[in-house]
Amino acid sequence: MLSSQGSPMTRHVVVVGAGIVGVSSAIWLQRAGAQVTIIDRAAPGTGTSHGNAGVLAACAVAPVTAPGLIAKAPAMLLNPDVPLYLRLPYLPRLLPWLAKYLRVANDRDTRRIAQGLAPIVSDSVDQHKSLTADLGLSDWVRDSDYVFAYRNRAAFDAEAYTWALRAEAGFAPELIEGPQIHEYEPTLGSDIHLLATMKDHGFIRDPGGYVGALARAFEQGGGKILQAEVKDFDLSGGAISGVETTQGRVACDDIVLATGVWSKPLMAKLGLNVPLESERGYHVIFEGATGGPVRPVMIASGKFVATPMAQGLRCAGILEFGGLDAAPSKAPLALLRRQAKAAFPQLSATREIEWLGHRPAPSDSLPLIGQVGTSRVFTAFGHHHIGLTGGPKTGRLVAGLVMGQPVNTDLQPYAPQRFSRG
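Residues numbered from 1 in each chain as written. Predicted model: local features only at pLDDT ≥ 70, side-chain atom pairs only at ≥ 80, totals over all residues. Heavy atoms only, no water.

- In the annotation of an unreviewed UniProt entry, the entry for the protein reads FAD-dependent oxidoreductase, and the organism field reads Sulfitobacter sp. TCYB15.

1. Digging into the overall build of the protein
Here is step 1: Helix and strand counts for the protein come out as 13 helices and 19 strands.
Here is step 2: Taken against the 2.2 N^0.38 rule, which gives 22 Å for 422 residues, the C-alpha radius of gyration of the protein at 21 Å falls within 12% of a compact globule.
Here is step 3: Along the three orthogonal principal directions, the C-alpha set of the protein runs to about 65 × 45 × 40 Å.
Here is step 4: In the protein, buried positions account for 56% of the 422 residues.
Here is step 5: Accessible surface, the protein: about 17100 Å² in total, of which carbon and sulfur atoms supply 53%.
Here is step 6: Positive and negative charge centroids in the protein, built from 39 and 36 side chains respectively, lie 4 Å apart. (Helix = DSSP H or I, 4+ residues; strand = E, 2+ residues; numbered from the N terminus. Rg over C-alpha atoms; globule rule 2.2 N^0.38 Å. Buried < 20%, exposed > 50% of the residue type's maximum accessible area, 1.4 Å probe, protein only. Areas by Shrake-Rupley, 256 points an atom, 1.4 Å probe, with all protein chains shown as cover. Lys, Arg positive; Asp, Glu negative; His and termini not counted. Charge placed at Lys NZ, Arg CZ, Asp CG, Glu CD.)

2. Some details on the nonpolar core
Here is step 1: Core analysis: the largest hydrophobic core is formed by 34 residues, its most contacted members being Leu29, Tyr210, Leu214 and Val256.
Here is step 2: If you list the elements that add at least two residues to this core, you get β1 (12-16), α1 (20-31), β2 (35-40), α6 (124-132), α10 (207-220), β19 (377-381) and α13 (387-403).
Here is step 3: Residues within four places of Leu214 in sequence aside, it is in contact with Ile20, Val23, Ile27, Leu131, Thr132, Leu135 and Leu137.
Here is step 4: Core analysis: the second largest hydrophobic core is formed by 27 residues, Tyr85, Ile176, Tyr184 and Leu336 among them. (Core = buried A, V, L, I, M, F, W, Y, C linked by side-chain atoms within 4.5 Å. Contact = heavy atoms within 4.5 Å.)

3. Here's the deal with the side chain of Arg295
Here is step 1: Residue placement: Arg295 occurs in the loop between β13 (276-287) and β14 (297-299).
Here is step 2: Residue Arg295 is classed as buried on the basis of its relative accessible area of 16%.
Here is step 3: Looking at Arg295, its side chain comes within polar contact range of the main-chain oxygen of Tyr184, at 3.1 Å.
Here is step 4: Side chain to side chain, Arg295 and Glu185 meet in a polar contact 3.1 Å long.
Here is step 5: With sequence-adjacent residues up to four places away left out, Arg295 is seen in contact with Asp145, Val147, Tyr184, Glu185, Ala306 and Pro308. (Polar contact = N/O pair within 3.5 Å; in protein donor to acceptor, adjacent residues only side chain to side chain.)

4. A look at the sheet that holds strand β9 (residues 230-234)
Here is step 1: Reading across the sheet, the three strands line up as β9-β10-β11 and stay open at both edges, with antiparallel pairing between neighbours. Because the sheet does not close on itself, it has two edges, and the strands there are β9 and β11 (248-251). Pairwise comparison of adjacent strand axes, ignoring direction, gives a mean angle of 25° for this sheet. (Pairing = 2+ DSSP bridges. Axes fitted to C-alpha atoms, helices over the stretch in contact; angles between N-to-C directions.)

5. Some thoughts on the UniProt feature "domain: FAD dependent oxidoreductase" (unreviewed entry) in the protein
Here is step 1: Residues annotated in UniProt with the feature "domain: FAD dependent oxidoreductase" (unreviewed entry) correspond here to residues 12-400.
Here is step 2: Note that residues 12-400 is 33% helix and 29% strand, and that its end C-alpha atoms are spaced 14 Å apart. (UniProt positions renumbered as here; feature names shortened; annotations may be inferred.)

6. A look at the packing of aromatic side chains
Here is step 1: Tallied over the entire structure, the rule returns eight aromatic pairs.
Here is step 2: With a centroid separation of 5.0 Å and 75° between ring planes, the pair formed by Phe148 and Trp163 is classed as edge-to-face. Here Phe148 is found in strand β5 (residues 141-150), whereas its partner Trp163 is found in helix α8 (residues 160-168), with 15 residues between them in sequence. Trp163 carries the same exposure label as Phe148, and that label is buried.
Here is step 3: Taken together, a centroid distance of 5.5 Å and an interplanar angle of 80° make the contact between Tyr150 and Phe156 edge-to-face. (Phe/Tyr/Trp six-rings, centres within 6.5 Å; stacked < 30°, edge-to-face > 60°.)

7. Section: the environment of Arg249
Here is step 1: Secondary-structure assignment places Arg249 in strand β11.
Here is step 2: Sequence-wise, Arg249 and Asp232 are 17 residues apart; in three dimensions their C-alpha atoms are separated by 9.4 Å.
Here is step 3: Only 3.3 Å separates the side chain of Arg249 from the side chain of Ser241, close enough to count as a polar contact.

Okay, structure coming up:
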């Protein structure tokens with residue numbers, strides 16, 4: 001077999017996207033013997049992979065679309081203390097996706113989605129360690145507890161459905177109440193009366209820097225990174241043979257699409273209309289912070305995570321629908337600041353840095369992992385809130401698919417053509 005590059009038995013694979021999923025895919029493909037080129041219009045790790053909460057959230061199996069969401073959503077949108085926002089001018093464009101999204105807010109579909117997410121996230125820490133082990137980058141991955149902080153036992157009990165899903169996936173919390181709370185995490189405010197702690201989790205102290213370091217290791221291993229925008233595919237022979245970019249044509253045997261929410265228009269070129277929206281996520285970095293936690297803490301009342309990072313304390317969360325083009329909203333950032341300072345009363349910083357990014361949200365909250373027909377185009381996008389958590393596992397799976405290796409995972413829940421079935 002000759003590849004498009006002419007080397008015997010060597011496949012040339014183009015990975016579109018230089019975030020955690022794309023770079024992980026490229027590294028695993030490289031390890032399997034492929035010649036790999038990453039193409040992205042931006043530098044590695046500077047997009048959504050930069051701005052997340054940094055948590056390796058192995059227990060993150062419960063989708064947002066839990067039973068009861070439809071009844072709760074209007075009141076949530078009207079409450080300024082709830083981290084759910086909608087840019088009203090964007091609503092007409094959002095409605096077709098929103099109808100599909102809310103359609104799965106029932107018990108049967110929620111359990112199906114949770115069962116689909118578990119194989120992607122549940123061994124996250126081990127997958128990151130496997131990814132970094134022989135690259136000299138193991139220090140980027142920190143073992144830690146992942147803590148959920150509640151105002152009281154009633155607030156914890158109100159999320160019993162979600163905790164039951166986590167328990168079914170093998171993640172049951174240890175509860176801390178009373179004076180032990182401030183022995184465990186002394187920076188928390190006095191209105192926190194229960195902690196649900198999850199063992200065997202981890203975090204990354206600089207997600208963007210981490211992905212950049214992985215990309216440099218990939219290049220040192222012989223990989224190529226091209227900063228360009230993919231414009232079209234060459235499928236003239238019935239399968240991919242090249243991509244057209246703003247820097248010219250790149251020949252290849254296979255393509256992995258791992259460019260997050262920007263994968264939607266590329267999928268349209270393959271004849272697939274994927275119900276994928278940008279769920280806008282915000283963070284504030286309290287640079288040089290003191291008075292923050294020493295491990296990732298989810299403040300349950302605000303649905304945001306406070307993570308100690310190299311630059312300071314990053315508070316990341318918020319769910320806003322407003323598309324790719326609108327400027328950042330002021331209200332989500334104000335809410336993050338307000339809730340962070342309520343949760344950590346002694347928090348102080350030398351300055352504050354704001355950020356907005358775009359989580360790729362399929363209408364069923366499951367990523368797209370698989371081959372599009374027999375095109376040799378493979379998808380690896382749509383990770384919603386679990387991109388950093390599930391990136392290395394997804395990269396490993398898609399590399400196995402491309403190289404014809406057994407993946408030992410049922411990939412049907414992630415089939416890229418599942419939406420064409422109605």
